Amino acid sequence: QVQLVESGGGLVQAGGSLRLSCAASGLTFSNYNMGWFRQAPGKDREYVAAISRSGIRTYYADSVKGRFTISRDNAKNTVYLQMNSLKPEDTAVYYCAIKRFPSYGDSDPRGYDYWGQGATVTVSS
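Just so we're clear, the structure is a prediction, and the values are computed from it rather than from any experiment.

Engineer: Help me understand the environment of T28 in this model?
Structural biologist: Mapped onto the elements, T28 comes out in the loop between β3 (18-25) and β4 (34-39). Since its relative accessible area comes to 46%, T28 is described here as partly exposed.

Engineer: Which parts of the structure should I look at to understand the sheet that holds β3?
Structural biologist: Remark on secondary structure: sheet strands pair via backbone hydrogen bonds, oriented parallel or antiparallel. Taking strand neighbours across the sheet as the criterion, the four strands line up as β1-β3-β8-β7 in an open arrangement whose pairing is antiparallel. Whereas interior strands pair on both sides, the edge strands pair on one side only; in this sheet they are β1 (3-7) and β7 (68-73). Taken over all neighbouring pairs, the strand axes of this sheet differ in orientation by 15° on average, direction set aside. Bridge count between β3 and strand β8 (residues 78-83): six bridges; the pairing is antiparallel. Along β8, the bridge assignment pairs R19 with Q82.

Engineer: I'm lost on the pairing of strand β9 (residues 92-99) in this one. Help?
Structural biologist: The two faces of a sheet get side chains in turn, since along a regular strand they alternate between them. Across the eight residues that make up β9, a large majority, seven, are buried. The pairing of β4 with β9 spans six bridges and is classified as antiparallel. Among the inter-strand pairings, G35 is bridged to a residue of β9, identified as A97. Of the strand pairs in this sheet, β9 and strand β11 (residues 119-124) are connected by three bridges, and their pairing is antiparallel. The partner of Y94 across the bridge, within β11, is A119.

Criteria and cut-off values
Residues numbered from 1 in each chain as written. Predicted model: local features only at pLDDT ≥ 70, side-chain atom pairs only at ≥ 80, totals over all residues. Heavy atoms only, no water. Helix = DSSP H or I, 4+ residues; strand = E, 2+ residues; numbered from the N terminus. Buried < 20%, exposed > 50% of the residue type's maximum accessible area, 1.4 Å probe, protein only. Pairing = 2+ DSSP bridges. Axes fitted to C-alpha atoms, helices over the stretch in contact; angles between N-to-C directions.

Right, dumping it as structure tokens:
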């Protein structure tokens with residue numbers, strides 16, 4: 001079956017960096033666009049970034065543009081989220097997901113099917 005496993009979360013001071021990884025199994029990884037979303041306590045799930053199947057095209061929410069970088073390694077079935085210049089408002093559980101329904105935009109969670117278990121990122125001020 002399809003599995004997504006995130007890693008790399010943790011506690012970091014404001015201005016610091018973290019890199020999240022999401023390892024996929026049970027599917028042909030290179031056939032799918034991938035996305036990262038996050039959910040802060042008491043808030044709705046929020047789009048963060050997306051990447052095309054080849055990795056050539058990347059897309060970002062305005063709130064993270066210029067600070068976060070999404071990338072993928074299809075040979076390793078892994079998608080990454082490099083997070084720099086972290087702010088306390090970046091504190092959330094971060095989820096990777098597989099884009100299964102292309103009729104939805106990249107920022108719409110309804111376009112995504114399988115989700116990881118989440119990686120907690122806490123940014124202290």
